[in-house]
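Secondary and tertiary structure notes
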Amino acid sequence: MHQRPIPRPFPGATRSRSGLARWRSNRALLTAVAALMFSGARAEAQEGNPAFPGTGATAWELSLEEALAIARQNSPAYLQISEATESADWRVREAYAAFLPTASATGSMQYSGRGQQLIGSFTGDDLGAASTDYYISNYGLNVNYSLSLGQFYGIASSRAGREAAGARVEAAEYDLESRVVLQYLAALRATEATEVAVRQVRRAEESYALAQARAEAGAVPGTDVLQAEIERGRMAVGLVRAESAARVERARLLEIMGVVSEAPLSLVSTFEVFDPEERVGAVTPELVGLHPEVRALREAERASGANVRQAQSTYLPTLSFSAGWSGFTRQIGNSDFLLAQARNSAAGRRADCEFWNSISAGLSGPLDGYPRDCTGFVLDAETEQTILASNEVFPFDFEKQPFSLAMRLTMPIFQGLSRQRQIEEAGVQARAAIHARRAGELGLRTEITAASGNLLAAFDVVEIEARNRELAVEQLDFAQERYRLGAAPLLELLDAQGSAATAERDYLNAVYDFHGALVELERASGLRLRPAEVEP
């Protein structure tokens, strides 16, 4: 995998334990409800998925860095893309192997039974071929070598394809990290929203207890108790919904990581809000060229250009060489037929010898070399055994055939329009890659501009919401004291509680909107903008 030229987002987020545990001892109701908060995000176990860390009551304390490392090792979507580098490596090896000769070996065995055989337009009897059974075997070894300029372009094309595959994996890893960070933040937001809901339940409990005490003292009517109890029920419903949302977000985080865990999941990384103006100023549109997604698009553009040159090389000549070795065996299956042929041949030769002896004797002067002794043309037992032994050649007593060597130069002239079509298709893909790269660069420039503005605005909103939350808490404390002293109705206290709850939720949303905007700017710019933090 290629080394990415940019750092990963949030490389040193700090650890902290959730503060929800401190609410568990307040009241029996809170104890029962808050115990649900850290129930594990249970994802259905799927075959082949790793489990982290398994079952048990101990919470799995997961930091962001651990989540990123696990996701790189187990995310199915990312691993599918990363597997492409293996096939790209083999395409490069294949391109280099095109400069090596190819070799093939063949072998066969055949049996041919007795009967008439058709040889072209004639039968075996027409050609005087004997009708018997045969055993035939043969072998062949061929070596071929070809050379063309297209092989050199093939190497360039495959190497460019490998670079493009590596860049796509790099971009996929960067995208995976951004998704993990965003989902980790979403799970943290949902967890803290649950803590906010717990505080709201606690406040509702306190208001209910206060209304009940005042009603028993006769200071307020019983309707105040009923109204406070209704408000307490509403806050309890909000807590249940917040806990459900937190479980869903943690399950989604595990899904992106590609793992299954039945242990309670505790997210232990924290993120601080900081003034981003100085770092936003360092983000310029020129950084687009360093982004992994743009690099992947540029490598795809290079690969498509190499494919065009490879397609054009089909018009160039090819020089090829070939060499071959071969051999065969042919064995007659009927030994009686073989001996009969040999005896007939010997008898024919003896008859021929005697015929010429008689001719020579009838002439006034004998023929040169005549008369001859014809008694030698007799097939004795030793000769028959020699003939039978020479027939035992099947299947591996081969008779070699002559060695063959050939050289051929091929110049393609016209092969329809297939080559031109391939060149045009490669050209279309190359131009499309150029447009895709330009579109990616323009899109990232726009994203940088939008994300920079969103981050600055999010920081301003955090400061405003922080002040609103302080004022809402002060207002709630004042309303509680006024109600305790009988200077304000219950409705004023409930309104203050609602304002405090809204202010806390708005502040929480503002904080995580800030972190989300920061991640989006990091993703668009390819830079780490969060200040370095130290692990405790």
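Preceding block: the structure.
To keep things clear, this report deals only with the structure shown in the data block. Keep in mind it's a predicted model, so treat the numbers as computed, not measured. As a convention, each chain's residues are numbered from 1 in the sequence order in which they are written. This being a predicted model, a pLDDT of at least 70 is required before a residue's local features are given, and a value of 80 or more before pairs of side-chain atoms are given or counted; all residues contribute to the totals for chains, interfaces and linings. Values reported for side chains reflect all heavy atoms of the structure, with hydrogen atoms and water molecules removed beforehand.

**Description of the overall build of the protein chain**
Convention followed: Numbering of helices and strands starts at the N terminus; helices are DSSP runs of H or I of at least 4 residues and strands are runs of E of at least 2. Whether two residues are in contact is decided by their heavy atoms: any pair within 4.5 Å suffices. Throughout, the Shrake-Rupley method with a 1.4 Å probe supplies accessible areas, and for residues the shown protein chains are the sole cover considered.
The number of helices and strands found in the protein chain is 13 helices and eleven strands. Taking the contacts inside the protein chain whose residues are at least 6 apart along the sequence as the reference set, 87% of them involve residues at least 24 apart. Carbon and sulfur atoms form 55% of the exposed surface of the protein chain, whose accessible area is close to 29400 Å².

**What to know about the packing of aromatic side chains**
The line we're drawing: Put simply, two rings from Phe, Tyr or Trp (the six-membered ring, in Trp's case) pair if the centres are within 6.5 Å, and we call them stacked under 30 degrees between planes, edge-to-face over 60, tilted for the rest. Buried means the residue's accessible area, taken with a 1.4 Å probe over protein chains only, is under 20% of the maximum for its type, while exposed means over 50%, and partly exposed covers the values in between. A positively charged side chain is recorded as over a ring if its NZ (Lys) or CZ (Arg) lies within 6 Å of the ring centre. The angle to the ring normal must also be within 35 degrees.
The full count for this structure, using the stated rule, is ten aromatic pairs. When the centroid spacing of 5.0 Å and the interplanar angle of 45° are considered together, the rings of Tyr111 and Tyr135 count as tilted. Of this pair, Tyr111 sits in strand S3 (residues 102-112) while Tyr135 sits in strand S6 (residues 134-147); the two residues are 24 residues apart in sequence, bridging distant segments of the chain. For Tyr111, a relative accessible area of 49% gives the class partly exposed. Residue classification places Tyr135 among the partly exposed positions, given a relative accessible area of 29%. Aromatic side chains Phe396 and Phe398 sit 6.3 Å apart centroid to centroid with 65° between the ring planes, which places their arrangement in the edge-to-face category. One aromatic cluster is present, formed by Tyr111, Tyr135 and Phe394 through successive ring pairs. Its guanidinium or amino end placed over the ring of Tyr483, Arg214 lies 5.0 Å from that ring's centre, counting from NZ or CZ. Taking NZ or CZ as reference, Arg232 lies 4.3 Å from the ring centre of Tyr208, over its face.

**Thoughts on a negative patch on the surface**
Put simply, the rule is: Within this analysis, patches are made of residues with over 30% relative accessible area and no salt bridge. Like charges are joined at 9 Å or less; nonpolar side chains (Val, Leu, Ile, Met, Phe, Trp, Tyr) at 5 Å or less. For salt bridges, the criterion is a side-chain nitrogen of Lys or Arg within 4 Å of an Asp or Glu carboxyl oxygen. The charge count treats Lys and Arg as positive and Asp and Glu as negative. His and the chain ends do not count. The atom standing in for a charge is NZ when the residue is Lys, CZ when it is Arg, CG when it is Asp and CD when it is Glu.
Together, Asp275, Glu277, Glu278, Asp460 and Glu463 line one region of the surface with negative charge. Mapped onto the negative patch, the elements with two or more residues apiece are helix H8 (277-281) and helix H12 (418-484). By the secondary structure assignment, Asp275 is in the loop between strand S8 (269-270) and H8. Asp275 gets classed as partly exposed once you look at its relative accessible area, which sits at 44%.

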